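# Structural overview
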Amino acid sequence: MIVFEDVAKRYAGGYTALAGVDFAIRHGELVVLSGHSGAGKSTLLKLIPVIERPSAGRVLINGQDVSHLPKAAIPYLRRNLGLVLQESRLLFDRNVFDNVMLPLVITGHPPRDAARRVAAALDRVGLNGRGKEMPAGLSGGEQQRVAIARAIVNRPSILIADEPTAHLDPAYAADIAELFLSFNEAGVTVLVSTHDVSLFAASQPRRLVLEKGELTGDSRPAGSTADK
Ligand code: ADP
Ligand code: ADP
C-alpha cells in the first residue's frame, strides 16, 4: 500500500537527499524508519503526502502513483493519511478540541458527528475531557497527543509520524510509542521515524534504515509473518 520504486530526491541546489530507495509496506504493517540526523527520513516521509515530489522513481499509495499527482488531487490523498510531521504544529490560539476538529472542518464533516469523533479521538490518546484546555498549558507529551488525535480523527488507514518522540522525556516518549503500537493493533498501517529504535523494540517492528539517503537495511524480525 506504500511502495517506493527506485526513488531519488534532489533538492534545488543539487543536494541528493535520497537515492535508489526501494521498499513496499503492506496493509497493517508497523514500520520504524531509522537513521542519523540528515539521513533523509523527513524527506522520505514527505514524499507520501506529496509535500515533496521525487526527482526520479515512483511512489505508490494504495496502488496510485502519486509522483505526478495533480495539485487538486492532493487533498483527497491526504484524507486517507494521518500525518504527524515536524511542521504539524498545533494552533496555539485555539483550544485542544478545535485543534483536533480542524481536519473535519476542512473536509466539511457534519458538526454533530465531528464533535463525537473529536471526543473519541481525544479519548483514544488519553486526553478525555481536556478539550477546553489551551495547548500552551499542556506538557510536551500532551501536545504531541493532541497532534496525534488530530492525525487520526479522520480515521486514516495509514499513519505517518516523523520523530514523534523527539524532545520528549523518556517516560513520555515510551507512552507515545505505545500509542502508535495500539493504533497498529487496531489495524492502522504505521510508518514512524525515530533515531531511538529501542522505543519500539518490544513490538519487534520491521525496521528500515537510511544512511546518507540510501536504504541500507530492511529487517523483519525472525518468525515474522508479514510476508505471507
Ligand atoms: P532527516 O529527517 O533524516 O534528519 P532530512 O530528510 O531532513 O533528514 O534531510 C536530508 C538532507 O536533505 C539533509 O542534508 C538536509 O539538509 C537536506 N534537505 C532537507 N530539506 C531540504 C530542502 N528543503 N532544501 C535543501 N536541502 C534539504
Ligand atoms: P468511535 O467508533 O466512537 O469513533 P472508536 O473507539 O472506534 O470510537 O475510535 C475512537 C477514535 O480513535 C476514532 O474516532 C478514531 O479517531 C480513532 N481510531 C480508532 N480506531 C481507528 C482505526 N482503525 N483507524 C483510524 N482511527 C482509529
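A quick note: this is a predicted structure, and the numbers were derived from the prediction, not measured.

### Section: the overall build of the protein
Within the protein, the secondary structure is distributed over 6 helices and 10 strands. Whereas a compact globule of 228 residues would reach a radius of gyration of roughly 17 Å, the protein reaches 17 Å, a difference of no more than 12%. Along the three orthogonal principal directions, the C-alpha set of the protein runs to about 45 × 40 × 40 Å. The long-range share in the protein, meaning contacts at least 24 apart out of those at least 6 apart in sequence, stands at 67%. Approximately 11200 Å² of the protein is accessible, and the part contributed by carbon and sulfur atoms is 50%.

### Points about the site of ligand 2
All residues adjacent to ligand 2 are Arg 116, Arg 117, Ala 120, Ala 121, Arg 124, Ile 152, Val 153, Arg 155, Pro 156, Ala 186 and Val 188. In this structure, an oxygen atom belonging to ligand 2 sits 2.9 Å away from a main-chain N or O atom of Ile 152. Within the contact set of ligand 2, a nitrogen atom lies 3.5 Å away from a backbone nitrogen or oxygen of Ala 186. Looking at which element gives the most residues to the shell around ligand 2, the answer is helix α4 (residues 111–124), with 5 residues. Looking at side-chain class alone, the shell around ligand 2 contains 7 nonpolar, no polar and 4 charged residues.

### A few points about the environment of Ser 42
By secondary structure assignment, the location of Ser 42 is in helix α1 (residues 41–47). On the basis of relative accessibility, which here comes to 28%, the residue Ser 42 falls in the partly exposed class.

### Description of the site of ligand 1
Around ligand 1, the surrounding shell consists of Tyr 11, Tyr 15, Ala 17, His 36, Ser 37, Gly 38, Ala 39, Gly 40, Lys 41, Ser 42 and Thr 43. With respect to ligand 1, the backbone of Ala 39 contributes an N or O atom lying 3.1 Å from an oxygen atom. In the environment of ligand 1, an oxygen atom lies 3.0 Å from a nitrogen or oxygen atom belonging to the backbone of Gly 40. Burial of ligand 1 by the protein chains amounts to 62% of its free accessible area of 560 Å². In terms of residue count, α1 provides more of the shell around ligand 1 than any other element does, 3 residues in total. Here the shell around ligand 1 is built from residues that sort into 4 nonpolar, 6 polar and 1 charged.

### Describing the packing of aromatic side chains
Following the criterion strictly, the structure yields 1 aromatic pair and no others. On the basis of an interplanar angle of 20° and a centroid distance of 4.5 Å, the ring pair of Phe 4 and Phe 23 is categorised as stacked. You can see Phe 4 sitting in strand β1 (residues 2–10) and its partner Phe 23 sitting in strand β2 (residues 16–25), a full 19 residues away along the chain. What makes Phe 23 buried here is its relative accessible area of 5%.

### Considerations on the environment of Ala 149
Considering the arrangement of structural elements, one finds Ala 149 in helix α5 (residues 140–152). Sequence separation between Ala 149 and Ser 88 is 61 residues; the distance between their C-alpha atoms is 12 Å. Those residues in contact with Ala 149, other than ones at most four positions away along the chain, are Val 100, Ala 121, Leu 122 and Val 125.

### Comments concerning the sheet that holds β1
Whenever strands of a sheet pair, they do so through backbone hydrogen bonds, lying parallel or antiparallel. Strand order in the open sheet formed by 4 strands is β2-β1-β4-β5, and the pairing between neighbours is antiparallel. Single-partner strands in this sheet number two, and they are β2 and β5 (64–65). Here strand β4 (residues 56–61) runs beside β5; their pairing, made up of 2 bridges, is antiparallel. The partner of Ile 61 across the bridge, within β5, is Gln 64.

### With respect to the confidence of the model for the protein
Per-residue confidence for the protein gives a mean pLDDT of 93; residues scoring 70 or more make up 96%. Across the interfaces of the predicted complex, the ipTM metric reaches 0.71, alongside a pTM of 0.88.

### Structural notes on the nonpolar core
Grouped together as the largest cluster of nonpolar side chains are 36 residues, with contacts concentrated most on Val 100, Ile 148, Leu 159, Phe 180 and Phe 183. For this core, the secondary-structure elements that each account for two or more residues are β3 (30–34), α3 (96–106), α4, α5, β7 (158–162), α6 (170–185) and β8 (189–194). Here Val 100 is in contact with Val 118, Ala 121, Leu 122, Val 146, Ala 149, Arg 150 and Val 153, once residues within four sequence places are set aside. Listed in part, the 30 residues of the second largest apolar core include Val 21, Val 50, Ile 74 and Leu 77.

### Topic: unusual backbone geometry
Across the chain, the bulk of peptide bonds are trans and the bulk of non-glycine residues have phi less than zero. Positive phi outside glycine occurs at Val 50, with the angle close to 60°. Relative to the elements of secondary structure, Val 50 occurs in the loop between α1 and β4. Residue Val 50 is classed as buried on the basis of its relative accessible area, which comes to 6%. Phi at His 167 takes a positive value of approximately 65°, unusual for a residue other than glycine. Mapping His 167 onto the fold places it in the loop between β7 and α6.

Parameters at a glance
Residues numbered from 1 in each chain as written. Chains lettered and ligands numbered in written order. Predicted model: local features only at pLDDT ≥ 70, side-chain atom pairs only at ≥ 80, totals over all residues. Heavy atoms only, no water. Helix = DSSP H or I, 4+ residues; strand = E, 2+ residues; numbered from the N terminus. Rg over C-alpha atoms; globule rule 2.2 N^0.38 Å. Contact = heavy atoms within 4.5 Å. Areas by Shrake-Rupley, 256 points an atom, 1.4 Å probe, with all protein chains shown as cover. Near = heavy atom within 4 Å. Polar contact = N/O pair within 3.5 Å; in protein donor to acceptor, adjacent residues only side chain to side chain. Nonpolar A, V, L, I, M, F, W, Y, C, P; charged D, E, K, R; others polar. Buried < 20%, exposed > 50% of the residue type's maximum accessible area, 1.4 Å probe, protein only. Phe/Tyr/Trp six-rings, centres within 6.5 Å; stacked < 30°, edge-to-face > 60°. Pairing = 2+ DSSP bridges. pLDDT = per-residue confidence, 0-100. Core = buried A, V, L, I, M, F, W, Y, C linked by side-chain atoms within 4.5 Å.

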